[in-house]
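# Breakdown of the fold
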Amino acid sequence: MIPFSPPRIDKRIVDEVVDTLYSGWITTGPKTKKFEKLLTAYGGHQVTLCVGSASAGLELMLRWFGVKEGDEVIVPAYTYAATANVVVHCGAKVVFVDVEPDFNISVAAIAKAITSRTKVIIPVDIAGWPCDYDAINTLVALPRIQQLFTPSTPEQHMLNRILVLADAAHSIGGQYKGRKVGSLTDITVYSFHAVKNLTTAEGGAVCLNLPAPFDPGAIYTGLNAKSLHGQTKDALAKTQLGGWRYDIIEPGYKCNMTDIQASIGLVELARYDDDMLVRRRQIFDRYAAAFGIYEWAQLPPYDRDDRKSSYHVFLLRIRGISEEQRDAVIRGIFSREVAVNVHFVPLPMMTYYHEEGYDIADYPAAYDNYSREISLPVYYDLTDDMVDTVVRAVVDSYKELFIC
Ligand SMILES: *Cc1c(COP(=O)(O)O)cnc(C)c1O
């Protein structure tokens, strides 16, 4: 069986983790701080806070901005549940909008969904393909949109417009107009979950890129406390001579990253551009060449003049088939010992959101993308032979069903 998304674990990773285990410090400490600095240099944004997951990072930033009951947050209908669940946790209303044929949130649909209650937009770079950030950033700054904004916290007054909080769970290393994901909008959150491009087993990072007069250093200090129960000193600082006394400045959360996680991330990041992304790109090119000859195969965008993907997963679509037929193709692929996936079942189709009153009929592009989509594996240890096996499994399964 060809697995879908195993992590890349080798001696370098093991050695770095073991080094941390024997160092005498295994939770948030020097390696997490070093990882944050290197992530900042990598993304080109102002400052980075590492956290326990992307979900925690997204929620932390919604809470930082003061999102609460009565507020609305715009989320694409086509994403993983984390993007919307964190909005529910804050007591705010999720406003789903439809997506484009490239899988990403529709800027025209965002424009129609904005009201005086809208506080945040969470675009998602599906499969690593960056959203149209110039269009989104321009939209929130339009005078008629800005005039609708009704600030109610100091942070909201300072920004004085809708916050753009990018869910970049898939897209670290992706590029838009020559700039890396991380520096493209106000706040960007990466995921380092085990199946993501760059992993720490579980983990995430918040990248700040806020306009003046926000002070990124001061916000980092506040967020650091917010991710540790509102404690003014972390456990390491308290071990320093005379450092035992601390204060609690707010009832914060508990979502810090450990140095064990950061040690995996340090190795991953050091070889990310020159090794991981290179291999992922080769796999995308190989899939594109193999499926490009079939009229029934619709390839995902991953390289255009203004954008480069981070090549997270290869979202193949099959032209002119129904959801049930797609499911049958997937069964055929699995029977050929290849694991594939679907990214994603649109959230309005999930029981919780459906019962909340969302209807997939209102998101026709999301449904169309989903119903014809099969996610193909992309990971470092997937060899060319394995890619060819995946291609053969898809083609044979399709032909078995449709070309008798
Ligand atoms: C994986 C994922 C998340 C959540 O990441 P965690 O680090 O597991 O919290 C959020 N959004 C999308 C689109 C994801 O795929």
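Attention in this report is confined to the structure presented alongside it. This one's a predicted model, so the numbers in the text were calculated from it and none came from an experiment.

This next bit is on the overall build of the chain. Looking only at helices and strands, the chain features 16 helices and 14 strands. A globule of 404 residues ought to have a C-alpha radius of gyration of about 22 Å, and the chain, at 22 Å, matches this closely. Seen through its principal axes, the chain has C-alpha atoms that stretch 75 × 55 × 40 Å. Counting the 404 residues in the chain, one finds 56% classified as buried. Within the chain, one finds 40 positive and 49 negative side-chain charges whose respective centroids are separated by 4 Å.

As a structural note, the neighbourhood of the ligand is formed by 16 residues, with Ser55, Asp167, His170, Ser191 and Lys196 the closest of them. Between Asp167 and the ligand, the recorded distance is 2.7 Å, taken from a side-chain N or O atom to a nitrogen atom. Between the ligand and Lys196, the relevant distance is 3.2 Å, taken from an oxygen atom to a side-chain nitrogen or oxygen of the residue. Relative to its free-state accessible area of 380 Å², the ligand is covered by the protein chains to the extent of 93%. When contributions to the shell around the ligand are tallied by element, the ones reaching two or more residues are α3 (54–64) and α4 (81–89). When the residues that make up the shell around the ligand are grouped by side-chain class, the tally is six nonpolar, eight polar and two charged.

Direction vectors running N to C along α3 and helix α9 (residues 216–226) enclose 115°, while the axes themselves pass 11 Å from each other. Where α3 crosses over α9, the two elements pack in a sense that is right-handed. Contacts from Leu60, Met61, Arg63 and Trp64 of α3 reach α9 at Ile219, Leu223 and Lys226. Here the contact of α3 with α9 is built from residues that sort into five nonpolar, no polar and two charged.

Here we come to helix α11 (residues 259–270). Here α11 spans 16 Å end to end across twelve residues, near enough to the 16 Å set by a 1.5 Å rise per residue. Of all twelve residues that make up α11, ten are buried, and the element is covered over most of its length. Taken together, the buried positions of α11 are Asp259, Gln261, Ala262, Ser263, Ile264, Gly265, Leu266, Val267, Glu268 and Leu269.

Once that is clear, we can look at the pattern of salt bridges. Counting across every chain of the model gives 25 salt bridges. Here Lys119 ties to Asp71 by a salt bridge, and the two come within 2.9 Å at their closest N and O atoms. You can see Lys119 sitting in strand β4 (residues 118–121) and its partner Asp71 sitting in the loop between α3 and β2 (72–76), a full 48 residues away along the chain. Residue class for Lys119 comes out buried when judged on its relative accessible area of 4%. Judged by its relative accessible area of 5%, Asp71 is buried. Of the charged contacts, one joins Glu400 and Arg336 as a salt bridge, the two residues approaching to 3.4 Å between their closest N and O atoms. Of the two residues, Glu400 sits in helix α16 (residues 384–402) while Arg336 sits in the loop between α13 (323–335) and α14 (351–355), which places them 64 residues apart along the sequence. Glu400 gets classed as exposed once you look at its relative accessible area, which sits at 52%. Taking the relative accessible area as the measure of exposure, Arg336 reaches 26% and is therefore partly exposed. Each of the salt bridges in this network shares a partner with another, and the network as a whole consists of Arg279, Arg286, Asp384 and Asp388.

The next subject is the sheet that holds strand β12 (residues 307–308). Think of a sheet as strands paired side by side through backbone hydrogen bonds, with each pair either parallel or antiparallel. What the four strands build is an open sheet, ordered β7-β6-β12-β11; its pairing is antiparallel. Whereas interior strands pair on both sides, the edge strands pair on one side only; in this sheet they are β7 (179–180) and β11 (303–304). The sheet contact formed by strand β6 (residues 175–176) and β7 spans two bridges and is antiparallel. The residue of β7 that forms the bridge with Gln175 is Lys180.

Here we come to the pairing of strand β5 (residues 163–168). Side-chain direction in a regular strand flips from residue to residue, so the side chains alternate between the two faces of the sheet. Within β5, six of the six residues are buried, which leaves it mostly tucked inside the rest of the structure. By the alternation rule, side chains of β5 split into Leu163, Leu165 and Asp167 and Val164, Ala166 and Ala168, which are all buried. Bridging between β4 and β5 involves two bridges; their strand directions are parallel. Across the sheet, residue Val120 finds its bridge partner in β5, namely Leu163. As judged from the four bridges shared by β5 and strand β8 (residues 187–191), these two strands associate in the parallel manner. Residue pairing for β8: Ala168 is matched across the bridge by Tyr190.

Conventions and cut-offs
Residues numbered from 1 in each chain as written. Predicted model: local features only at pLDDT ≥ 70, side-chain atom pairs only at ≥ 80, totals over all residues. Heavy atoms only, no water. Helix = DSSP H or I, 4+ residues; strand = E, 2+ residues; numbered from the N terminus. Rg over C-alpha atoms; globule rule 2.2 N^0.38 Å. Buried < 20%, exposed > 50% of the residue type's maximum accessible area, 1.4 Å probe, protein only. Lys, Arg positive; Asp, Glu negative; His and termini not counted. Charge placed at Lys NZ, Arg CZ, Asp CG, Glu CD. Near = heavy atom within 4 Å. Polar contact = N/O pair within 3.5 Å; in protein donor to acceptor, adjacent residues only side chain to side chain. Areas by Shrake-Rupley, 256 points an atom, 1.4 Å probe, with all protein chains shown as cover. Nonpolar A, V, L, I, M, F, W, Y, C, P; charged D, E, K, R; others polar. Axes fitted to C-alpha atoms, helices over the stretch in contact; angles between N-to-C directions. Left-handed = near helix turned anticlockwise from the far one by under 90°. Contact = heavy atoms within 4.5 Å. Expected span 1.5 Å × (residues − 1). Salt bridge = Lys/Arg side-chain N within 4 Å of Asp/Glu carboxyl O. Pairing = 2+ DSSP bridges.

So, to be careful, I would describe these as geometric facts and stop short of saying anything about function.
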